[in-house]
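# Secondary and tertiary structure notes
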Amino acid sequence: MQFDPLISIRLDLADREYQSGDILECEYQIDAVESDEMHAVEAAVLWYTSGKGDEDQGIHYYQRETRKSRHLDQPDLRVLTHFTTTLPNSPFSYEGTNLKIQWCVRVRILIQRDGQNLREYIHDQGFQLHRLPLLQS
Amino acid sequence: MSRQLIRILGKKRGSRHSVSSKFGVIGNVAFSLTLLLLGLISGVFFLLNLPDGVASWLLGIVILSFIGFGIQGLVTGLLGSRVGDGLRFSLIQNAHRFDLTQKSKAARRLPNVPTIDTLLMSPGNTQPWRLPVTTGKPIEIISVIAFFATWTMVSFFLVGYSINQYRTTNHSGWSWWLPTLSLLPSIGFAGWSGRMLARELKNQINIDPLKVEVSHQPLYPGQTIDVAISQGGALYVRSLRLFLVCEEVTSYHQGTDVRTETLEILREQVFVQRRFEITSKAPLAETFTVTIPPDAMHSFQSNFNCLQWRIESVGRYRDYAEIRRGFSLVVHPLFEDADDVNNSSGDAHAV
Amino acid sequence: MDRNQASLRASVNPFETRWTKPGQMTFLPNGFTSVSELAAQIVKDTPRCEILGAHGVGKSSLLRALQSHLDQQSISNHLAYACEFPHDGPPLKFAEVKLLLRESDVLFVDGFEQLSWWTRRRIIRYSEKYALALIIACHQTQGLPCLVHLAATETLVLKLVHSLQQAQEADEVVSASDVRELYQRFGNNVRELLFACYDLYEQRRAPGQRTSSQ
């Protein structure tokens, strides 16, 4: 019996509420999978819509690493990896009726275990992107 | 100084015309309609009595050009007039689907927020910005014109053919079935579509469109802006109401089905006036304030979903059907580098 | 694809299109035993046949489910859409279908009626001539043997709504009596029924279940 890979994502703000222009710091790591089973890992900061319409998606930040692209001194794709990005001015998180806009950090891994095809696993960590506090006139 | 209805030489003086603009529209429409009908009638007789040789080609080109200029004059006359605001806006919007504004600085600064296009925004008279009309009936008007032209041509053709048949054949051999079966319906269709066209033109020409001008663009949540409305003409207004509207528009398609749903999430009445008269000496001119709710979501646009803001006017007039028009607004998100809300006013710059 | 969603939102509407669109829900068979049996029948008989059903009854969902079964058995297949919407690309042409028929063991075509009469005839004749497997989804028969005629029963719809709410660990906001009422209204159009469930869920879920992002 094999466990599914465990993808852990941690954001710098515990309440995961950010404002436009904030710097988002993220760390992720992968467990319950062997190093040589890992083919690639991708991390993205993106927004997506949900609700009654088709899903739209906007990728703000993206990085991909494969075994080949890693440094020779650290080829293991599972290790704790850190990245930062400055969050954009729009679109804000939105909880409407037919339309919702959600932000998340998404980590996607491709693994191949013995005798099996390549499989992908995805884990999202949501966060909120807010407006600034109201200006006082 | 009141304007003369008819004046041989009209002059443009600044932003004013010395001749009634309504006369201009009527004249343009009448001229184009005359050209179109002349072309259609000539076309019918041309088809019934085709000349030989080069003459047929030349005559054909002349007749086609009459028809073409007639249709073009009708359409552009309506486009160029105030009534064409909706059509003009729709056409420009369609052109902008292929625009590269997404790569512009404004789009990079505010991803998925509609940009304010200075091509669409014209300076107002009393406020810095005049809002473009986003709803009109352009397709309807063109369809009515096309329908009218088609059935008029068919009717004339059938009349000409019947007369031709009657004259060239023996009367005893004249077949009654063609005129009986086809003339009446086609003349009926032509007459009915002509009535529809006349009604559309009457509505559009006699009712000056409402103009809406705003003090600030873009807008921000919590911001209060001045809105000026104006309307000319000669009308008795039963009621005129303006609303601030926010909608979620979502599209779902799967395989063969496409389903678009528009859900209003805010409708706030911002202006109302009842039972008053608009005359050439006393046009409607009002100014009021509108506040964007502080917790408002900014305008958003993606492939299948959007959130849009607009001002909607609902006018009920004596002797005319209710008229609804929409005026697009763009609400931007508040962020650190945003222009100071109080100063986001009338400089005509792209965001 | 396995996905774990960790979200700040206290509750997700289980009837959002991302959960209900074809390929996302487990297909509940009605009028036949199981999807795997249908898939086995396709593999064994290499048929040219059609899946019939009204709008929104689940033809596209069944095609996706069949595709998934064939994928698991490593049987090459392709799902082509005949529709003409800009965002799906230009309409399917006969030459493309010919190529797909040749390249795959089984070709599924969704929205077969959207193609012109002439293209449809050519595709069917071509697949018959070369004994190629073709499964089409349509509202009205195209003259092929019927693999299955889908219809949504009240029991099936009740099961579906319940499983959707369970899958998202959502409260049973849309009750069985709601579903019965909606079934009376929408009948076979399960898609519209699920949209109505979405609206009901949004209306009824507590304000506290929304996030504070607004």
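Above this note sits the structure.
A brief structural summary. Given the structure is predicted, the values throughout are model-derived calculations rather than measurements. (Residues numbered from 1 in each chain as written. Chains lettered and ligands numbered in written order. Predicted model: local features only at pLDDT ≥ 70, side-chain atom pairs only at ≥ 80, totals over all residues.)

This part takes up the overall build of chain C. Tallying secondary structure elements over chain C gives eight helices and six strands in all. Its helices and strands in sequence order give chain C the pattern β-α-α-β-α-β-α-β-α-β-β-α-α-α, from N to C terminus. Looking at chain C residue by residue over its 214 residues, the buried ones come to 37%. Nonlocal contacts in chain C, meaning residues at least 24 apart in sequence, comprise 80% of its contacts between residues at least 6 apart. (Helix = DSSP H or I, 4+ residues; strand = E, 2+ residues; numbered from the N terminus. Buried ≥ 20, exposed ≤ 12 C-beta atoms within 10 Å, placed from the backbone. Contact = placed C-beta atoms within 7 Å.)

All names here are of chain C. Listed in full, the buried residues belonging to helix 4 (residues 94-103) are Val97, Leu100 and Leu101. All buried residues of helix 4 fall inside an arc of 100 degrees around its axis, so they share one side. Among the exposed residues of helix 4, those pointing more than 90 degrees away from its buried face are Ala95, Arg102 and Glu103. Lining the buried residues of helix 4 we find strand 3 (77-81), strand 4 (106-110), helix 5 (117-129) and strand 5 (133-138). (Arc of directions from axis to C-beta.)

Before going further, it helps to examine the interface of chain A and chain B. Tallying the contact residues gives 24 residues for chain A and 29 residues for chain B. Within the side of chain A that touches chain B, the residues separate by chemical class into nine nonpolar, 11 polar and four charged. (Nonpolar A, V, L, I, M, F, W, Y, C, P; charged D, E, K, R; others polar.)

Our next topic: the sheet that holds strand 4 (residues 129-130) of chain B. Each strand in a sheet pairs with its neighbour through backbone hydrogen bonds, running either in the same direction (parallel) or in the opposite one (antiparallel). Residues and elements named next belong to chain B. Pairing in this open sheet of five strands is antiparallel, and the strands run 3-4-5-6-9 from one edge to the other. Of all strands in the sheet, those bounded by a partner on one side alone are strand 3 (122-123) and strand 9 (284-291). Pairing analysis gives two bridges linking strand 4 to strand 5 (residues 211-214), with the strands arranged antiparallel. Within the sheet, the bridge partner assigned to arginine 130 lies in strand 5 and is glutamate 213. (Pairing = 2+ DSSP bridges.)

Residue and element names in this part refer to chain C. Pairing in this open sheet of five strands is parallel, and the strands run 3-4-5-2-6 from one edge to the other. In the strand order of this sheet, the two ends are held by strand 3 and strand 6 (146-149), each with one partner. Direction aside, neighbouring strands of the sheet carry axes that sit 15 degrees apart on average. Here strand 3 runs beside strand 4; their pairing, made up of five bridges, is parallel. If you follow leucine 79 over to strand 4, its bridge partner there is phenylalanine 108. (Axes fitted to C-alpha atoms, helices over the stretch in contact; angles between N-to-C directions.)

That is the geometry; function is a separate question.
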